Amino acid sequence: MCKNSHPVILFAQAKNAPPTILPKDAEDEDHSGLKIYVTHKKQPYVAGVFFLASASFTIPQGHSSFPVDVGCRFSKEKSIFPFAYKPHAHGLGRDITGYQYNGSYHEIDKGHPQWPQLGRCTYDSTSMDCPVNVGSTGNDEMCNFYIVFYTDSSVQEPYGECLGTARAEF
């Protein structure tokens, strides 16, 4: 960590997911771990992660399909070009769907968070006898959607986050 730096997500891994393949001209990773290359040559693109997460929710017990929405306005100075999506939830998560909103909703990715693979999260709490809160332990739940992208290398901070509690209305 550099002095006065802001921590950022460099990559994310989902349960049993295949490796992330970066596009040509972006930094790459191999099967043995990360390789770091140092160069003085300016690269045309940089890779980043945009992180969406619901910051506060409770899943009531006994629901077969309980939705949690999160949304925000994307306001970066340059366009991003997504090439991978990573949903993340714990044991009750059944579906995570990411949308782009431009006057109407356009699905960008959908996946079962228990399978390899940001956003509405849908949970099945029929096996629970008490409510489940958002949190970091395996007994809690999460509603996270990672958009892995590349963008023009002139961007100062190739990352972003949206921590919300409900679908944004634009």
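Here's what I pulled together on the structure shown here. (Residues numbered from 1 in each chain as written. Predicted model: local features only at pLDDT ≥ 70, side-chain atom pairs only at ≥ 80, totals over all residues. Heavy atoms only, no water.)

All right, on to a nonpolar patch on the surface then. Together, Tyr-99, Tyr-101 and Tyr-105 line one region of the surface with nonpolar side chains, adding up to about 300 Å² of accessible area. Mapped onto the secondary structure, Tyr-99 falls in strand β7 (residues 93–101). (Patch = residues over 30% accessible without salt bridge, like charges linked within 9 Å, V, L, I, M, F, W, Y side chains within 5 Å. Areas by Shrake-Rupley, 256 points an atom, 1.4 Å probe, with all protein chains shown as cover. Salt bridge = Lys/Arg side-chain N within 4 Å of Asp/Glu carboxyl O. Helix = DSSP H or I, 4+ residues; strand = E, 2+ residues; numbered from the N terminus.)

A few words now on the pattern of salt bridges. Under the criterion given, the structure shown has 1 salt bridge. Where Arg-120 meets Asp-69, a salt bridge forms, and the shortest distance between an N and an O atom there is 2.7 Å.

Let's shift gears to the state of the cysteines. Linking two cysteines covalently via their sulfur atoms produces the bond known as a disulfide. Under the criterion given, the structure shown has 1 disulfide. Across the disulfide, Cys-121 is cross-linked to Cys-143 (sulfur-sulfur distance 2.0 Å). Between Cys-121 and Cys-143 the disulfide shows an S-S torsion of about 90°. By sign, it is right-handed. Separated by 22 residues along the polypeptide, Cys-121 in strand β9 (residues 120–123) and Cys-143 in the loop between β10 (132–133) and β11 (144–152) bring together distant segments of the chain. Overall, the relative accessible area of 1% leaves Cys-121 in the buried class. (Disulfide = S-S within 2.5 Å. Buried < 20%, exposed > 50% of the residue type's maximum accessible area, 1.4 Å probe, protein only.)

With respect to the helices and strands, Phe-57 occurs in the loop between β3 (45–54) and β4 (58–59). You can call Phe-57 buried: its relative accessible area is 9%. As a C-alpha pair, Phe-57 and Val-68 span 11 residues in sequence and 7.4 Å in three-dimensional space. Excluding anything up to four places from it in sequence, Phe-57 contacts Val-68, Tyr-123, Val-132, Asn-133, Val-134, Glu-141, Met-142 and Cys-143. (Contact = heavy atoms within 4.5 Å.)

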